[in-house]
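Letter by letter, the chains look like this.
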Amino acid sequence: MKILVQKYGGTSVGSIERIENIAKRIIRHKKKGDNLVVVVSAMSGETNRLIALAHEITDCPDPLHYDMLFSAGEQVSVALLAIALLKKGIKARAFLGYQVHIITDKTYKKARIKLIEKEKITKELHQGTIVIVAGCQGVDEDGNITTLGRGGSDTTAIALAAALKADACEIYTDVDGVYTADPRIVPAAKKIHKLTFDEMLEMASLGAKVLQIRSCELAKKYRVPLSVRSSFNNVTGTFLVDEVKKMEERVISAVCVDKDQARFTLSGLPFEPDMMEKVFGPLTERTIVIDMIVQNPPVNNTINLSFTVSQADYKETKKVLESLKTYYKTIHISDEQKIAKVSIVGVGMVSQSGVAYTMFHILGTHDIPIKMISTSEIKISCIIDRAQAEVAANALHAGFQLG
Ligand code: ASP
Ligand code: MG
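Rules behind the numbers
Residues numbered from 1 in each chain as written. Chains lettered and ligands numbered in written order. Predicted model: local features only at pLDDT ≥ 70, side-chain atom pairs only at ≥ 80, totals over all residues. Heavy atoms only, no water. Helix = DSSP H or I, 4+ residues; strand = E, 2+ residues; numbered from the N terminus. Rg over C-alpha atoms; globule rule 2.2 N^0.38 Å. Buried < 20%, exposed > 50% of the residue type's maximum accessible area, 1.4 Å probe, protein only. Arc of directions from axis to C-beta. Contact = heavy atoms within 4.5 Å. Near = heavy atom within 4 Å. Polar contact = N/O pair within 3.5 Å; in protein donor to acceptor, adjacent residues only side chain to side chain. Areas by Shrake-Rupley, 256 points an atom, 1.4 Å probe, with all protein chains shown as cover. Pairing = 2+ DSSP bridges. Axes fitted to C-alpha atoms, helices over the stretch in contact; angles between N-to-C directions. Core = buried A, V, L, I, M, F, W, Y, C linked by side-chain atoms within 4.5 Å. Patch = residues over 30% accessible without salt bridge, like charges linked within 9 Å, V, L, I, M, F, W, Y side chains within 5 Å. Salt bridge = Lys/Arg side-chain N within 4 Å of Asp/Glu carboxyl O. Lys, Arg positive; Asp, Glu negative; His and termini not counted. Charge placed at Lys NZ, Arg CZ, Asp CG, Glu CD. Disulfide = S-S within 2.5 Å.

Novice: When you look at the overall build of the chain in this model, what are you seeing that I'm missing?
Specialist: When helices and strands are tallied, the chain shows twelve helices and 18 strands. Over its C-alpha trace the chain gives a radius of gyration of 23 Å, about what one expects of a compact globule, namely 22 Å for 403 residues. Along the longest, intermediate and shortest principal axes, the C-alpha atoms of the chain span 75 × 50 × 35 Å. Of all 403 residues assigned to the chain, the portion counted as buried reaches 51%.

Right, dumping it as structure tokens:
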């Protein structure tokens, strides 16, 4: 049985007219004989609207009810899509996460899928029904609704594709693929035809908003045959592949910009074996993700420690760090919010020297001071002033000849 999983993002289902267009597209695929599982996000803006309602009451809504509220957006869009398909005489059935047994852990707001009991879906597919599944949600073992974090519908789609061993997983969005840079920031950006899972994973974690990071991890782990394409045209999108051996021998594949960054610096931290544990333990407990970390050598037995978090975690991080003062009475905490991370990504850099130098040279010639650096085998990231992010991205894109 050939199975195709398709995921439609918020803009693709942003209005009744768009939902009806998606229904037509789905019917075309169905007529080709594919068994279809369709994952849908909330209508664009809806999740933000729901979250804002809770925030009118409190800064920190309790996670269990936050997820109950958040998941309502997808409940609306899957039902509307099913109604549209049924009206056109097509057998379709919409399901919420718990109905198709998408079982997650209990980390509300960022739950992880533990298991998908796929029998219910395959039974429907065998009957020729188009199965529509609400994105971004699941259920914990006590029957509470959980959500997978912002952008989590990608993860639902890829997890379903992996569980069902789908022949293809197509992520439909409002751009026709993954670009060498965000075209809104870098007008010269070009669509990438093939990208490795590793590059996509790095790009997602570096601020490219095309796919949720977690979904890239899953796609890579289960080698899900994945493509990213537009729901507004029929242009071929970007295909994700294992490796791109002879791929145009490019060194760099993309430039990423992440403005959603904040940096904290702790000075005068006693240089002791458990200092890192004391700082990062309470942050980890609150599932705050730490990105870059830089530590200076000890002077007078104290160190300075800087690290970055996403802007969304800024307030909570600040609160946690302030509480450290109960046992580190003399530390000084400062932070900087107007920063951005610019990165270059490419599997080609593994076997090339001088890539970092070229990046620093390009930033230097544009008068852009580098505040922090981090590298992996296939990426180099620099923290710079947020006001210089656009200039930096365009300069790197041109300098590495990506246009
Ligand atoms: N509707 C959710 C969000 O806005 C999930 C998703 O779109 O993937 O984050
Ligand atoms: Mg998304």
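More follows now that the structure is in view.
Novice: I'm lost on helix H5 (residues 119-126) in this one. Help?
Specialist: Among the residues making up H5, those that are buried are Ile121, Glu124 and Leu125. Each buried residue of H5 sits inside an arc of 100° when the element is viewed along its axis, so together they form one side. Of the exposed residues in H5, the ones pointing more than 90 degrees away from its buried face are Glu119, Lys123 and His126. Taken together, the buried residues of H5 touch strand S1 (3-8), strand S2 (35-40), strand S3 (92-95), strand S6 (130-134) and helix H6 (153-163). Following H5 by one or two positions, glycine 128 adopts a phi angle in the positive range, close to 80°.

Novice: Sorry, what's going on with the site of ligand 1 here?
Specialist: In the vicinity of ligand 1, the residues found are Ser41, Ala42, Thr47, Phe70, Glu74, Cys136, Arg150, Gly151, Gly152 and Ser153. Interatomic distance of 3.0 Å between a side-chain N/O atom of serine 41 and an oxygen atom of ligand 1. The side chain of threonine 47 places a nitrogen or oxygen atom 2.8 Å from a nitrogen atom of ligand 1. Its free accessible area being 260 Å², ligand 1 has 87% of it covered by the protein chains.

Novice: Honestly, the sheet that holds strand S9 (residues 168-173) in this entry has me stumped. Any pointers?
Specialist: Two strands in a sheet stick together by hydrogen bonds in their backbones, pointing the same way (parallel) or opposite ways (antiparallel). Reading across from one edge, S3-S6-S2-S1-S9-S11-S12-S10 is the order of the eight strands in this open sheet, with mixed pairing throughout. Since the sheet does not close on itself, it has two edges, and those belong to S3 and strand S10 (194-196), each with one partner. Adjacent strand axes in the sheet meet at a mean angle of 20° when their direction is disregarded. Bridge count for S3 against S6 is four bridges, and the pairing is parallel. Bridging from a neighbouring strand, alanine 92 pairs with isoleucine 130 of S6.

Novice: Whenever I open this one, the nonpolar core confuses me. Can you help?
Specialist: Among soluble globular proteins, nonpolar side chains are generally buried collectively. In this structure, Val5, Val37 and Cys169 are the most contacted members of the largest nonpolar core, which totals 40 residues. If you tally residues by element for this core, the top one is H6, at five residues. With sequence-adjacent residues up to four places away left out, cysteine 169 is seen in contact with Val5, Ala157, Ile158, Ala161, Val224, Pro225, Leu226 and Ser227. In this structure, Ile185, Val255, Ile384 and Ala392 belong to the second largest nonpolar core, which totals 26 residues.

Novice: Please explain the sheet that holds strand S17 (residues 372-376) as it appears in this structure.
Specialist: Across the sheet, which stays open at both edges, the six strands sit in the order S14-S15-S13-S16-S18-S17 with antiparallel pairing between neighbours. Edge positions in the open sheet fall to strand S14 (293-295) and S17, since each of these has one partner strand only. Going from strand to strand, the sheet's axes swing by 25° on average, the running direction of each strand aside. In the packing of helix H10 (residues 314-323) onto the sheet, contacts are made with strand S13 (254-270), strand S15 (302-310) and strand S16 (332-345), and the angle to S13 comes to roughly 15°. Running at roughly 125° to S13, helix H12 (residues 389-399) makes contact with S13, S16 and strand S18 (379-385) of the sheet.

Novice: What should I look at first to understand a positive patch on the surface in this one?
Specialist: Residues Lys24, Arg28, Lys32, Lys87 and Lys88 make up a contiguous surface patch of positive charge. Position of lysine 88 among the secondary structure elements: in the loop between helix H4 (72-87) and S3. A residue is classified by how much of its surface remains accessible, and lysine 88, at 35% relative accessible area, is partly exposed.

Novice: Just checking my understanding: could you explain the state of the cysteines for this structure?
Specialist: Two cysteines whose sulfur atoms are joined by a covalent bond form what is called a disulfide. Within the structure shown, the criterion is met by zero disulfides. The closest cysteine sulfur to the non-disulfide-bonded cysteine 136 is located on cysteine 216, 15 Å from its own sulfur. Judged by its relative accessible area of 2%, cysteine 136 falls in the buried class. Cysteine 216 provides the cysteine sulfur closest to cysteine 169, a residue in no disulfide bond, and the two sulfurs are 11 Å apart. For cysteine 169, a relative accessible area of 0% puts it in the buried group.

Novice: Would you take a moment to explain the side chain of glutamate 74 for this structure?
Specialist: Examined against the element boundaries, glutamate 74 turns out to sit in helix H4. A polar contact of 3.0 Å, which involves the side chain of glutamate 74, links it to the backbone nitrogen of alanine 42. Apart from residues lying up to four places away in sequence, glutamate 74 is in contact with Val40, Ser41, Ala42, Thr47, Ala134, Gly135, Cys136, Gln137 and Ser153.

Novice: Please clarify how the pattern of salt bridges should be interpreted in this entry.
Specialist: Any two side chains of opposite charge can pair if their charged atoms end up close together. Here the structure, examined in full by the defined rule, presents 17 salt bridges. For the salt bridge of aspartate 142 with lysine 106, the shortest nitrogen-to-oxygen distance reads 2.9 Å. With aspartate 142 in the loop between strand S7 (137-139) and strand S8 (145-147) and lysine 106 in the loop between strand S4 (102-104) and strand S5 (113-116), this pair connects stretches of sequence that are 36 residues apart. Residue aspartate 142 is classed as exposed on the basis of its relative accessible area, which comes to 56%. Under the relative-accessibility criterion, lysine 106 is labelled partly exposed at 37%. The structure contains a network of salt bridges with shared partners spanning Arg263, Glu336, Lys371 and Asp385.

By themselves, these observations are geometric and do not establish any function.
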